[in-house]
Amino acid sequence: MNLHEYQSKQLFSRYGIPVPVGEVASTPDEAAAAARKIGGTKWVVKAQVHAGGRGKAGGVKLVDSPEEAAKAARKMLGERLTTHQTGPEGLPINQVFVESGSKIDRELYVSLVLNRETGQVSFIASAAGGMDIEEVAAHTPEKIIRVGIHPATGLQPFQCRVLAYGLGLAGDQVREFQAIAEALYKLYLECDASLLEVNPLIVSEGKLVALDAKINIEDNALFRQKEIGDWRDASQEDPMERAAAEHELNYVSLDGDIACMVNGAGLAMATMDLIKLHGGAPANFLDVGGGATRERVTEAFNLILSNTRVRAILVNIFGGIVRCDMIAEGIISAVKDVGVKIPVVVRIEGTNAEQGRKLLAESGLAITAASDLTDAAKKVVAAAAKRGR
Ligand code: GDP
Ligand code: MN
């Protein structure tokens, strides 16, 4: 689950990590009022969307008066912001964050991320902050410093110094950096984050300040992160992925036109590969799970059919724990209930596969049976192509 910048900064404040004074606003008037309340002579108005790259996309505006803050908010609120991280549709801007403007001497980069290879949290830092870190990593990897944090010892003071000196910090800033680094690591662990990024961490009038904040929370830990879980902003999420999560289906939208319904994540990946191999494009990844009951199959059909790009459906089920004849019944009733009007190609294999195929053949429904996975992929690609013409 992703957090907004203002939510991440709220957590930063709790952990004693310095952030600019800020207020969230949902209307231009609120933005002006926020600027007045914050005080000073410079403010920044920032679009709150679940994506980075806002600066380059017009989602971060520096202003000199509360009236200008209102004007900047009016331009953003109700619009969609498209950045290099959002995809072409962009994300809706429902809130802006108004902050006291900072004077920037240096822009640094720091992040914490789980390194699955080493089983440790990696602390990553770079003096090349404020830019796309992927670009820095690709073109000047020597500018990136990494330390692995051993789970038993935690972040060590010497590691903080390695990072601080690597960032070109000296004197009091080294101690300041250590306090911030330790607080970030504590927050990362206690809030079950999977990613925490500060880009940029700035040096402003000699002091370190987190100017931007991005936190992703591990979904599987949300049961013990009640407060943070309530901060979820569904407007920033794919509505279909959200509906799928409610039915415990693993669904990811893709941009092709062949919907897939598969049990097992590995089989789902293989199915998408085969569709591609035969010249088609999958519309989604969908794992209905091991217990593919009639209800779940029905929900899954509803879900994939709500994508208007879909021209054909490939159902690929391996009957291991569940029997194929039961799955066939599920498919038949789901196709009837939902009123599926596009071609459905079904490949079922495993326990009672013969009986299952017989049920499908005798159902009177326009379901094409496939003998194996390659056959299924070829048939569904052909069916989709035919409807595309
Ligand atoms: P992102 O583009 O979505 O990552 O948004 P950021 O919060 O990182 O802001 C983008 C850039 O805007 C930063 O790298 C800064 O260069 C600039 N910026 C943001 N806030 C301020 C501020 O208070 N003062 C100044 N001078 N620049 C700012
Ligand atoms: Mn940033």
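Relevant structure appears above.
The structure presented is a predicted model; accordingly, all values stated were derived computationally and were not measured. (Residues numbered from 1 in each chain as written. Chains lettered and ligands numbered in written order. Predicted model: local features only at pLDDT ≥ 70, side-chain atom pairs only at ≥ 80, totals over all residues. Heavy atoms only, no water.)

**Student:** Which residues make up the coordination of the manganese ion (ligand 2), and what values do they have?
**Tutor:** At this site the manganese ion (ligand 2) is bound by Asn199 (O) and Asp212 (OD), with donor distances of 2.1 to 2.2 Å. A residue pair is termed long-range when its members are at least 10 positions apart, and Asn199 in strand β10 (residues 193-204) and Asp212 in the loop between β11 (207-210) and β12 (214-217) qualify at 13 residues. (Donors = N, O, S within 2.8 Å, 3.2 Å for Na, K, Ca; no water. Helix = DSSP H or I, 4+ residues; strand = E, 2+ residues; numbered from the N terminus.)

**Student:** Give a detailed account of the site of ligand 1, specifying residues and quantitative values.
**Tutor:** With respect to spatial proximity, 16 residues lie near ligand 1, and among them Lys46, Arg54, Gly55, Ser102 and Glu107 are the closest. Within the side chain of Lys46, a nitrogen or oxygen atom sits 2.5 Å from an oxygen atom of ligand 1. Within the backbone of Ser102, a nitrogen or oxygen atom sits 2.8 Å from an oxygen atom of ligand 1. Relative to its unbound accessible area of 570 Å², ligand 1 is 81% covered by the protein chains. Going through the elements one at a time, β2 (43-47), β3 (60-63) and β10 are the ones with two or more residues in the shell around ligand 1. For the shell around ligand 1, a count of residues per class yields six nonpolar, six polar and four charged. (Near = heavy atom within 4 Å. Polar contact = N/O pair within 3.5 Å; in protein donor to acceptor, adjacent residues only side chain to side chain. Areas by Shrake-Rupley, 256 points an atom, 1.4 Å probe, with all protein chains shown as cover. Nonpolar A, V, L, I, M, F, W, Y, C, P; charged D, E, K, R; others polar.)

**Student:** Explain the nonpolar core residue by residue, including any values.
**Tutor:** Core analysis: the biggest nonpolar cluster contains 43 residues, and Phe12, Phe123, Phe177 and Leu184 have the highest contact counts within it. By residue number, the principal contributor to this core is helix α6 (residues 172-190), which donates nine residues. Those residues in contact with Phe12 that lie beyond four places of it in its chain are Ile17, Val19, Leu184, Leu187, Leu196, Val198, Ala210, Asp212, Ala213 and Ile215. Among the nonpolar cores identified, the runner-up in size contains 34 residues, and Met240, Ala283, Val310 and Ile348 belong to it. (Core = buried A, V, L, I, M, F, W, Y, C linked by side-chain atoms within 4.5 Å. Buried < 20%, exposed > 50% of the residue type's maximum accessible area, 1.4 Å probe, protein only. Contact = heavy atoms within 4.5 Å.)

**Student:** I'd like to hear about the pairing of strand β7 (residues 106-115), residue by residue, with values.
**Tutor:** Examined bridge by bridge, β7 and β10 share seven bridges and lie antiparallel to one another. Counterpart to Arg106 in the pairing with β10 is Val203. Both β7 and strand β8 (residues 120-126) contribute to a ladder of seven bridges, which runs antiparallel. By the bridge assignment for β8, Asn115 is matched with Gln120. Counting the residues that bridge the hairpin from β7 to β8 gives four residues, and of these Gly119 lies at a positive phi of roughly 70°. (Pairing = 2+ DSSP bridges.)

**Student:** Would you mind going over the side chain of Lys9 in detail, with residue names and values included?
**Tutor:** Position of Lys9 relative to the elements: it lies in helix α1 (residues 5-14). Looking at Lys9, the relative accessible area reads 2%, which means it is buried. In this structure the side chain of Lys9 is engaged in a polar contact, spanning 2.7 Å, whose partner is the side chain of Glu99. If we skip the residues at most four places from it in the chain, Lys9 touches Val19, Pro20, Lys46, Phe97, Glu99, Ala210, Leu211, Asp212 and Ala213.

**Student:** Kindly report on the sheet that holds strand β6 (residues 96-100), identifying the contributing residues and their values.
**Tutor:** The strand order β1-β6-β2-β3 describes an open sheet built from four strands, whose pairing is antiparallel. In this open sheet, the two edge strands, each paired with only one partner strand, are β1 (22-25) and β3. Strand after strand, the sheet turns through a mean of 20° between neighbouring axes, direction not considered. Direction of pairing for β2 relative to β6: antiparallel, over a ladder of five bridges. Within the sheet, the bridge partner assigned to Val44 lies in β6 and is Glu99. Sheet strands touched by α1: β1, β2 and β6. Its angle to β6, the strand with the most contacts, is close to 45°. (Axes fitted to C-alpha atoms, helices over the stretch in contact; angles between N-to-C directions.)

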